[in-house]
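Analysis of the macromolecular model
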Amino acid sequence: MQPILYIVIPCYNEEQVLPITCSMFLEKIKSLVQKEKISDDSRVLFVNDGSKDKTWEIIKQLAKEDYHYKGISQSRNRGHQNAVLAGLMEAKDVCDITVSIDCDGQDDINAMDAMVDAYLDGCEIVYGVRSRRDTDTFFKRFTAEGFYKVMNWMGAEVVFNHADYRLVSSRVLQEFANYKEVNIFLRGMFPLVGFKSTSVYYERHERIAGESHYPLSKMLALAFDGITSLSVKPLHLITGLGCGIAVLSFIGVIWSVIVALTGHSVAGWASMTSIVCFIGGVQLICLGVLGEYIGKIYMEVKHRPRYIISERTEEKETKEME
Ligand code: UDP
Ligand code: MG
């Protein structure tokens, strides 16, 4: 019995892209079915993330055209990570494997064959890793690679150059469902679940149409979310910084006492002001980082739902009626 595959695709304002890429996903499912690697019960599951354009209408139309297409719609825009999570949780009880992929055609869909092969060889998680970033602009490449380096340095372990193109088995998803946190950073959380995993390399292409929804500001927010939800290293760094400054202050105190005792002291307004400013600045930074963590705790204790599905496409009647 072949495994059932669900391709989970988050879509936010993608009316320009979806009509082009939807058939690529369908063809992939059909070709994998033909190669007898997956079951014909496999589906392309679109997650509409509260789009303001015609994306949901397009998805509903697709679901009417072919029974392999399915769609769910979030009640509002919740961001890429929550959209992927909604899709994975929707799929976990009805399939054996999921592959999450963006809908803009940037991730090479043909890498999915190797992913499925790796699953058939016994891997439960297969990370899609970009081998090159030639098509990205220098700025995007520089900031994106910096992102992974900073993340790892800050203690949030992520697979280098892996975004959210990955195969995850339903077995892993059942365990993953117990990770109840609200601040989710999927690419850093799946390695925590464990199980046998491997990587598949692919080349990332340019967006087929439309524009990226991930400008630098969103990427920085994602990095910050990743670091603060996976690691407490910033807190350790603050402690280290505090210790360093304490030592310096101690030396400063001894120095000023010596200067005062030897009678060379001058009423130094400038030095006093700079010291006060410096200490004030450091304290504010530290308070800010502490505040970020308290903010996260605040959000976590609320236990709000992480996604709300408002609509589902209707299942196209069985294949016999085709
Ligand atoms: N996306 C989403 N919700 C959002 C932003 C983006 O579901 O709030 C989806 C988007 O439709 C796409 C994927 O997430 O399928 C990746 O977004 P994008 O291509 O804009 O990011 P980039 O590839 O430039 O990092
Ligand atoms: Mg993209």
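Right, let's walk through the structure included here. Model, not experiment: these values are computed from the prediction.

With distances of 1.9 Å, the protein atoms coordinating the magnesium ion (ligand 2) are Asp104 (OD) and Gln106 (OE1). Here Asp104 and Gln106 have matching classes, each one buried.

One pass over the full model with this rule turns up 9 salt bridges. One salt bridge in this structure joins Lys30 and Asp66, with 3.6 Å as the shortest N-O distance. Residue Lys30 is found in helix H1 (residues 18-34), and its partner Asp66 is found in the loop between helix H2 (55-65) and strand E3 (69-74); the two are separated by 36 residues along the sequence. Residue classification places Lys30 among the partly exposed positions, given a relative accessible area of 35%. We note a salt bridge from Asp164 to Arg166, for which the minimum N-O separation is 2.4 Å.

A few words now on the site of ligand 1. Lining the immediate environment of ligand 1, one finds 20 residues, of which Glu14, Asp49, Asp104, Ser212 and His213 sit closest. One nitrogen or oxygen atom from the side chain of Glu14 is found 2.6 Å from an oxygen atom belonging to ligand 1. A distance of 2.8 Å separates an oxygen atom of ligand 1 from a polar atom in the side chain of Gln106. When ligand 1 sits alone it has 540 Å² of accessible area, and the protein chains cover 95% of it.

Tallied over the full model, the rule gives 6 aromatic pairs. With centroids separated by 5.2 Å and ring planes inclined at 85°, the aromatic side chains of Phe147 and Tyr148 adopt a geometry described as edge-to-face. Tyr148 carries the same exposure label as Phe147, and that label is buried. With 5.6 Å between their ring centres and 65° between their planes, Tyr148 and Phe160 make a pair best called edge-to-face. One end of the pair, Tyr148, is in helix H5 (residues 138-153); the other, Phe160, is in the loop between H5 and strand E6 (162-169), and 12 residues separate them in sequence. A relative accessible area of 2% places Tyr148 in the buried class.

The rules behind these values
- Residues numbered from 1 in each chain as written.
- Chains lettered and ligands numbered in written order.
- Predicted model: local features only at pLDDT ≥ 70, side-chain atom pairs only at ≥ 80, totals over all residues.
- Heavy atoms only, no water.
- Donors = N, O, S within 2.8 Å, 3.2 Å for Na, K, Ca; no water.
- Buried < 20%, exposed > 50% of the residue type's maximum accessible area, 1.4 Å probe, protein only.
- Salt bridge = Lys/Arg side-chain N within 4 Å of Asp/Glu carboxyl O.
- Helix = DSSP H or I, 4+ residues; strand = E, 2+ residues; numbered from the N terminus.
- Near = heavy atom within 4 Å.
- Polar contact = N/O pair within 3.5 Å; in protein donor to acceptor, adjacent residues only side chain to side chain.
- Areas by Shrake-Rupley, 256 points an atom, 1.4 Å probe, with all protein chains shown as cover.
- Phe/Tyr/Trp six-rings, centres within 6.5 Å; stacked < 30°, edge-to-face > 60°.

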